[in-house]
Amino acid sequence: MLIECKNDKEKVAMGLLSYLTDFKNLANLKDEIHLNKNSNEFHLYLYRAQDPNFVGVIGTQANKQFVVIRYLSLAPDYRKEKYVAQAVNELAQANPQKIITAVPEYIELIKYLKKDTR
């Protein structure tokens, strides 16, 4: 399940983002949270598998036609294709009128679209 990150889940998002090299630096991490809080274009979505806890975060940039995946960070126990595919497909289902794409570093995520996630 994908849920847009709100202020009450900010620390959860920060913890999941810290798995990514770019966000190991606290200043970068805070800048990213600030960007997502104060922009209509940038969004953070928390991902929950069957587990009651959030196990991933997807950062996106969206406009009228596209949703661009900027990054996907999953907790170590959930870095399996099954969870990657579920998260990416849930993002696509939440944005049915938009084309889902990704920045070059994450373009491999696009292969999971339409892939059976059962």
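This text follows the structure it describes.
Treat the numbers as computed from the prediction; the structure is a model and nothing was measured. (Residues numbered from 1 in each chain as written. Predicted model: local features only at pLDDT ≥ 70, side-chain atom pairs only at ≥ 80, totals over all residues. Heavy atoms only, no water.)

A tally of regular secondary structure across the protein gives three helices and five strands. Element order for the protein, N to C, with α for helix and β for strand: β-α-α-β-β-β-α-β. Computed over C-alpha atoms, the radius of gyration of the protein comes to 13 Å, within 12% of the 13 Å expected from 2.2 N^0.38 for 118 residues, which places it in the range of a compact globule. Look at the contacts in the protein between residues 6 or more apart in sequence, and 57% of them connect residues 24 or more apart. As displayed, the protein has an accessible area near 7200 Å², and 50% of this comes from carbon and sulfur atoms. Across the protein, the 17 positively charged side chains and the 14 negatively charged ones have centroids separated by 3 Å. (Helix = DSSP H or I, 4+ residues; strand = E, 2+ residues; numbered from the N terminus. Rg over C-alpha atoms; globule rule 2.2 N^0.38 Å. Contact = heavy atoms within 4.5 Å. Areas by Shrake-Rupley, 256 points an atom, 1.4 Å probe, with all protein chains shown as cover. Lys, Arg positive; Asp, Glu negative; His and termini not counted. Charge placed at Lys NZ, Arg CZ, Asp CG, Glu CD.)

Here we take up the sheet that holds strand β4 (residues 66-74). Whenever strands of a sheet pair, they do so through backbone hydrogen bonds, lying parallel or antiparallel. The strand order across the open sheet formed by five strands is β1-β2-β3-β4-β5, and the pairing between neighbours is mixed. Two strands bound the open sheet, and with one partner strand each, they are β1 (2-4) and β5 (99-102). Strand-to-strand twist in this sheet, taken as the mean axis angle between neighbours without regard to direction, amounts to 35°. This element, helix α1 (residues 10-17), spans β2 (42-47), β3 (56-62) and β4 of the sheet and lies at about 85° to β2. (Pairing = 2+ DSSP bridges. Axes fitted to C-alpha atoms, helices over the stretch in contact; angles between N-to-C directions.)

A rise of 1.5 Å per residue sets the reference length of helix α3 (residues 81-94), with its 14 residues, at 20 Å; its end C-alpha atoms lie 20 Å apart and thus fit the reference within 8%. Within the sequence span of α3, burial applies to Y83, V84, A85, Q86, A87, V88, N89, L91 and A92. Each element contacted by the buried residues of α3 is listed here: β1, β2, β3, β4 and β5. (Expected span 1.5 Å × (residues − 1). Buried < 20%, exposed > 50% of the residue type's maximum accessible area, 1.4 Å probe, protein only.)

So, about the pattern of salt bridges. Scanning the model with the defined rule gives three salt bridges in all. For K9, the salt bridge identified is with D8, shortest N-O distance 3.9 Å. A residue is classified by how much of its surface remains accessible, and K9, at 30% relative accessible area, is partly exposed. (Salt bridge = Lys/Arg side-chain N within 4 Å of Asp/Glu carboxyl O.)

Turning our attention to the packing of α1 against helix α2 (residues 26-37). Interaxial distance between α1 and α2 falls to 11 Å at its minimum, and their mutual angle equals 130°. By the angle between their axes, α1 is oblique relative to α2. In the crossing of α1 with α2, the sense of the turn from one axis to the other is right-handed. Every residue of α2 that contacts α1 at E10, A13, M14 and L17 is listed here: L26, L29, K30, E32, I33 and K37. (Parallel < 35°, antiparallel > 145°, perpendicular 65-115°, else oblique. Left-handed = near helix turned anticlockwise from the far one by under 90°.)

Residue placement: K64 occurs in the loop between β3 and β4. By relative accessible area, which is 79% here, K64 ends up exposed. Sequence separation between K64 and L29 is 35 residues, and the spatial gap between their C-alpha atoms is 27 Å.

As a further point, take the pairing of β2. Along any regular strand the residues' side chains alternate between the sheet's two faces. Burial runs high along β2: six of the six residues are buried. Judged by which residues are buried, β2 turns out to be covered on both faces: F42, L44 and L46 on one side and H43, Y45 and Y47 on the other are all buried. Bridging between β1 and β2 involves three bridges; their strand directions are antiparallel. In the sheet register, L2 faces β2, and the bridge partner there is Y47. Here β2 pairs with β3 via six bridges, running antiparallel. Within the sheet, the bridge partner assigned to F42 lies in β3 and is Q61.

Interpretation in functional terms is not warranted from these geometric data alone.
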